[in-house]
Amino acid sequence: MKYGDKIIYMEGVIVEVTDGAVGIDLKGRLGYLKIPMRMLITDYEIKVGQEVGFQMSFIEQLGPEVNEHYIHNHQNMAAETDPNES
Amino acid sequence: MDAGRSVMPSVRIKQPLVFSDGNAAGQSAASSLIAAGNAASGKAVAPEPKLIRSLTRKHYKITEVKRGPETRIDGTVLTIREGIEQEAIDSQPLVHDLKIDIITPDRYHTYSETIMDVQPIATKEKGCEVGSGVTRVLDGVIIMVTGTDDNGVQIGEFGSSEGYLDENIMWGRPGAPDEGEIFIKTQVTIQAGTNMERPGPLAAHSATDVITNEIRQALKKLDDESLVVDTEEFHQYRRPGKKKVIVVKEIMGQGAMHDNLLLPVEPVGILGAKPNVDIGNVPVVVSPLEVLDGCIHALTCIGPASKEMSRHYWREPLVLETLFDPDLDLCGVLLVGSPQINAEKFYVSKRVGMTCEALDVDGAFVTTEGFGNNHIDFASHIEQIGMRGISVVGLSFCAKQGALVVGNKYMTCMVDNNKSEGGIENEVLANNTLCPEDAIRAIAMLKTAMDGGDVKAAQKKWDPKVKKDNIELISNVTGKPIIPVKNETSLPISKKRLEKYS
């Protein structure tokens, strides 16, 4: 990464809580983040509307290539998951 | 005779390497071998080991799995009843569809939804309970649970391992399939949006267990002893006069798929089990033989490379190595859940400390799976144990991506379970889980610490050379080579991994 050392303090608001994940709107209309519960450190019961803080860098493309694996997973599933023939 | 070990001809599970020969071979966390001393070198006659209980595994070989009118086992052929899928679906309101796919080795290059769990197919003989007596287990075949919700969202969302099976499985890890095995793979579709709620993953596991349980019943009916291809005996000994140790296993308890069903009636079953989340994640003492007999049905968390699936506990390397070590008195295994909120984490870790105090152990291993906020209670467990003057060794995937977020002065003896080249969660199933080579290092380290030896401080940055050096040092002292397991570089490389991690 070219700019990975540019760490910025960010804040967000919890907008969705499930048993396994939380959704976070980044303040300043800078995006949305959904993370597994265990990636969130909490001292209190988690509620929608609570504010969170974290550090992050800008996100950079790693290259021009398109990773077909991610794009075609579902097509692969449809094409290749044959019912068991035996 | 080595206490704890009787005739064990099988290689079905990873045989403990048992490096103890009276010398407490030590190692440091930073590449320097410490004392190879013999702390208990007094020549007084040690009390005889005391046999607590025994477990026998009878292995039945399966070479073919097919569908038919009835679930049955004929010789080495397992037949699964046609139409059982509908009963599995009907058993769970949240399950909308379930497909069974039988994956033979020639079909390993098949697309699969994310692998939620890998399970042995085993059952208890009449009158036996999990952890003792006789268990029957099928060799050459495993259950694999996979699934999505109605919208195609992976149940193990976040770092899921969907893709071609042969590119996403680290063969031969304790929790993973072995190359050559047949997979009975369920693809479960659950109600949209429930993939991140507790009932969703549980429903997928429960529906799959309808199928597994019918196979168990067929396995129970076998009365032809000639079908037993192998028999393993596990004996749990207490060894008075030896260093008393405990294995503390931190298991996930944040909710959703971060949950484990404890102590089912059948090995890795559902019936009779209690979710550790519902128990409040408090420590539960189990015997090492209960662990090896499937007392944990893991719903398994995120992080394919570092999660401990149900089969992992069935062949748990640290439990096996410690159980068979004639120089250690393993008093039990403590399972403790990892809750979400910090106050609850400290609540359970204080109970861990108090349990170790009450048991008066000399040493403790603390293991965890994956990384994230579970490292907070992982560190706290170590602190609670260490502050009582008990030697303690921690085992976790850390390396680069899973670096610990907290530490304390008692975290001086640490073993990293990383196997990946880059020190990351690389989405290859079970790649970074605890293996025998990690157990051996941990045991050597704990013996060193209990004997008052030094363990050097680790460098600030992850350096895979530390592990390599320590393995070499232990091998040199014991004269028994340790061959590290392979990692993802031994697999056909997927485009995903090539582009993402190279």
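In this report, we go over the structure that sits alongside the text. (Residues numbered from 1 in each chain as written. Chains lettered and ligands numbered in written order. Predicted model: local features only at pLDDT ≥ 70, side-chain atom pairs only at ≥ 80, totals over all residues. Heavy atoms only, no water.)

### Overview of the side chain of Gln-154 of chain B
To keep it simple, the criterion reads: Each helix is a run of H or I in the DSSP string that is no shorter than four residues. Each strand is a run of E no shorter than two, and both are numbered from the N terminus. Polar contacts, as used here, are pairs of N or O atoms within 3.5 Å; protein pairs need one atom able to donate a hydrogen and one able to accept it. Residues neighboring in sequence count only if both atoms are side-chain atoms.
Tracing the chain through its elements places Gln-154 of chain B in the loop between β10 (141–149) and β11 (163–164). Here Thr-114 of chain B takes part through its backbone nitrogen, which lies 2.7 Å from a polar atom of the side chain of Gln-154 of chain B.

### Details of the packing of helix α6 (residues 317–324) of chain B against helix α9 (residues 436–450) of chain B
Residue and element names in this part refer to chain B. Operational definition: Fitted lines through C-alpha atoms give the axes, limited to the stretch in contact for helices. The angle between two N-to-C directions lies from 0 to 180 degrees. Roughly parallel means an angle under 35 degrees; roughly antiparallel, over 145; roughly perpendicular, 65 to 115; everything else is oblique. With the far helix as reference, a near helix turned anticlockwise by less than a right angle produces a left-handed crossing, and one turned clockwise produces a right-handed crossing. Throughout, a contact is declared for two residues whenever any of their heavy atoms are within 4.5 Å. Throughout this entry, Asp, Glu, Lys and Arg are counted as charged residues, while Ala, Val, Leu, Ile, Met, Phe, Trp, Tyr, Cys and Pro are counted as nonpolar. The remaining residues, Gly among them, count as polar.
Running from N to C, α6 and α9 point in directions that differ by 50°, and their axes come no closer than 8 Å. Taken together, α6 and α9 sit at an angle that is classed as oblique. Considering only the axes of α6 and α9, their crossing is right-handed. Residues Pro-317, Leu-318, Glu-321 and Thr-322 of α6 touch α9, and the partners they reach there are Pro-436, Ala-439, Ile-440, Ala-442 and Ile-443. Classifying every residue of the contact of α6 with α9 gives 7 nonpolar, 1 polar and 1 charged.

### Here's the deal with the packing of aromatic side chains
Residues and elements named next belong to chain B. Keep this limit in mind: Two rings belonging to Phe, Tyr or Trp (six-membered ring only in the last case) form a pair when the distance between their centres is within 6.5 Å. Interplanar angles under 30 degrees mark stacking, angles over 60 mark edge-to-face geometry, and anything in between is tilted. Think of it in three bands: with a 1.4 Å probe and only protein chains considered, a residue is buried below 20% of the maximum accessible area for its type, exposed above 50%, and partly exposed in between.
Here the structure, examined in full by the defined rule, presents 5 aromatic pairs over all chains. A centroid spacing of 5.1 Å and a plane angle of 15° characterise the contact between Tyr-108 and Phe-183, whose relative ring orientation is stacked. Taken together, the positions of Tyr-108 in the loop between β5 (95–103) and β6 (111–112) and Phe-183 in strand β12 (residues 182–190) put the pair 75 residues apart, joining distant regions of the chain. Note on Phe-183: relative accessible area 0%, which makes it buried.

### Notes on the sheet that holds strand β2 (residues 64–68) of chain B
Note on sheets: strands pair through backbone hydrogen bonds, and any given pair is parallel or antiparallel. Residues and elements named next belong to chain B. To be explicit about the condition: DSSP bridges decide pairing: two strands pair if at least two such bridges lie between them.
Within the open sheet, the 3 strands sit side by side as β2-β4-β3. Their pairing is mixed. If you trace the sheet from one side to the other, it starts and ends with β2 and β3 (72–74), each paired once. Between one strand axis and the next, the sheet turns through 25° on average, direction left out of account. In this structure, β2 lies alongside strand β4 (residues 77–81), joined through 5 bridges in parallel fashion.

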